[in-house]
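Observations on the three-dimensional arrangement
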Amino acid sequence: DAKTTQPNSMESNEEEPVHLPCNHSTISGTDYIHWYRQLPSQGPEYVIHGLTSNVNNRMASLAIAEDRKSSTLILHRATLRDAAVYYCIRSSGTASKLTFGTGTRLQVTL
Amino acid sequence: AAGVIQSPRHLIKEKRETATLKCYPIPRHDTVYWYQQGPGQDPQFLISFYEKMQSDKGSIPDRFSAQQFSDYHSELNMSSLELGDSALYFCASSLFAGAAKNIQYFGAGTRLSVL
């Protein structure tokens, strides 16, 4: 099964950048790295994904290590609405299902 | 923009009863996924369909079955309900774009309570 390792929880102050790390040391060359988040009482929500190069979109940035064994999701300015569980998910071959790990619970405070 | 629609939002059943959950994907999406999230747990993949054919299967109990219809909506049928089936059930849809790249869009979920 595709495995990733994330810290259980992190805290951030509002308006500050947040760096959420993910370790995927056994990733294969064709696996993509996906990030989803789940706000309280809602379904998971896509955030960003990438393969090798760093990626940016309106929600976040994804920095992928050169050896691809780790990645970091960057929220440039955290808001209270960003408080959620963030999941780093490694795709496994041709399977398109998402295998959720324990994720990182992000708390954002004033 | 249209999102994934799930119905009902809440469902209360008794043990050994049956339940049917419905999912209406985003228009033009050809793939549907079902996930189960128990209390305090992370979502777990149950089953998926691509173009009305089962494409992948996870830890779905034999008591559960699902299908995708010609209009691409999907139904998850659950029989002989057990207390442990109480959970949030999420449906997601995607437009197949290569297995590793597809983005899944989730519905708000159906909260099933088995008493």
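Above this text sits the structure in question.
Because the structure is predicted, anything quoted here is derived from the model rather than measured. (Residues numbered from 1 in each chain as written. Chains lettered and ligands numbered in written order. Predicted model: local features only at pLDDT ≥ 70, side-chain atom pairs only at ≥ 80, totals over all residues. Heavy atoms only, no water.)

**Remarks on the overall build of chain B**
This is how it is decided: The numbering of helices and of strands both runs from the N terminus, where a helix is a DSSP run of H or I of at least 4 residues and a strand a run of E of at least 2. With the radius of gyration taken over C-alpha atoms, the globule rule is written as 2.2 Å times the number of residues to the power 0.38. What makes two residues a contact is simply this: any of their non-hydrogen atoms within 4.5 Å. For accessible areas, the Shrake-Rupley method is used with a probe of radius 1.4 Å. Any residue's cover is judged against the shown protein chains and nothing else. Neither His nor the chain ends is counted toward charge; the positive residues are Lys and Arg and the negative residues Asp and Glu. Note that the charge is assigned to NZ on lysines, CZ on arginines, CG on aspartates and CD on glutamates.
The number of helices and strands found in chain B is 0 helices and 11 strands. Scaling as 2.2 N^0.38, a compact globule of 115 residues should have a C-alpha radius of gyration of about 13 Å, and chain B matches this with 13 Å. A principal-axis box enclosing the C-alpha atoms of chain B has dimensions of 40 × 30 × 30 Å. Counted over contacts in chain B with a minimum sequence separation of 6, partners at least 24 positions apart contribute 54%. Summed over all atoms, the accessible surface of chain B reaches about 5600 Å², with 51% contributed by carbon and sulfur. In chain B, the 11 positive side-chain charges and the 11 negative ones have mean positions that sit 3 Å from each other.

**Observations regarding the overall build of chain A**
Test applied: With a 1.4 Å probe rolled over the protein chains alone, any residue whose accessible area is under 20% of its type maximum counts as buried; one over 50% counts as exposed, and the rest are partly exposed.
In terms of helices and strands, chain A carries 0 helices and 9 strands. In terms of C-alpha radius of gyration, chain A reaches 13 Å, essentially the compact-globule figure of 13 Å for 110 residues. Here chain A holds 110 residues, and 46% of them are scored as buried. Taking all contacts inside chain A whose residues are at least 6 apart in sequence as the whole, residues at least 24 apart take part in 56%. Carbon and sulfur atoms make up 47% of the accessible area of chain A, which totals about 5600 Å². Of the charged side chains in chain A, 10 are positive and 10 negative; the average position of the first set lies 7 Å away from that of the second.

**Thoughts on the interface of chain A and chain B**
Interfaces are frequently sized by the accessible area removed from exposure as the parts join. Going by this rule: We define buried area as the total accessible area lost by two parts upon association, computed with a 1.4 Å probe and summed across both. We define a salt bridge as a side-chain nitrogen of Lys or Arg found within 4 Å of a carboxyl oxygen belonging to Asp or Glu. Throughout this description, a polar contact denotes any pair of N or O atoms lying within 3.5 Å of each other; where both atoms belong to protein, one of them has to be capable of donating a hydrogen while the other can accept it, and for residues adjacent in sequence the pair is counted only when both atoms sit in side chains.
In this complex, chain A contributes 21 residues to the contact, which on the side of chain B involves 17 residues. Across the chain A/chain B interface, buried area totals approximately 1600 Å², and carbon plus sulfur atoms make up 56% of it. It is S96, K97 and F100 of chain A in chain A that bury the most area against chain B; as a group they hold 30% of the surface buried on that side. Summed over the shared surface of chain A and chain B, the number is 0 salt bridges. At the junction of chain A and chain B, the tally comes to 4 residue pairs in polar contact (both at pLDDT 80 or more). Of all the elements in the fold, those that place two or more residues in the side of chain A that touches chain B are β3 (33–38) and β4 (45–50) of chain A. Sorting elements by how many residues they give to the side of chain A that touches chain B places β3 of chain A first, with 3 residues.

**Things to note about the sheet that holds strand β1 (residues 5–7) of chain B**
Two strands in a sheet stick together by hydrogen bonds in their backbones, pointing the same way (parallel) or opposite ways (antiparallel). Residue and element names in this part refer to chain B. Test applied: Strand pairing requires that DSSP identify at least two bridges connecting the strands. Interaxial angles span 0 to 180 degrees and are taken between N-to-C directions of axes, which are lines fitted to C-alpha atoms, for helices over the stretch in contact.
Read across the open sheet, the 4 strands follow the order β1-β3-β8-β7; overall the sheet is antiparallel. Bordering the open sheet on either side are β1 and β7 (64–68), each of which pairs with just one other strand. Each strand axis lies, on average, 15° off the axis of its neighbour in the sheet, ignoring direction. Of the pairings in the sheet, the one linking β1 to strand β3 (residues 19–24) comprises 3 bridges and is antiparallel in character. Note on β3: the bridge partner recorded for Q6 is C23.

**Section: the environment of M59 of chain A**
If you trace the backbone, M59 of chain A turns up in the loop between β5 (55–56) and β6 (61–64). Linking M59 of chain A and H76 of chain A, residues 17 residues apart in sequence, is a C-alpha distance of 8.6 Å.

**So, the pairing of β6 of chain A**
Residues in a regular strand project their side chains so that they alternate between the two faces of the sheet. Residue and element names in this part refer to chain A. The pairing of β5 with β6 spans 2 bridges and is classified as antiparallel. The residue bridging V55 from the neighbouring strand is L62, located in β6. Count of turn residues in the β5/β6 antiparallel hairpin: 4 residues. Here 4 bridges tie β6 to strand β7 (residues 70–75), and the two strands are oriented antiparallel to one another. For A63, the partnering residue across the bridge sits in β7 and is T72. Linking β6 to β7, which pair antiparallel, is a turn of 5 residues; within it R68 sits at a positive phi near 65°.

Coordinates in, geometry out; function isn't part of it.
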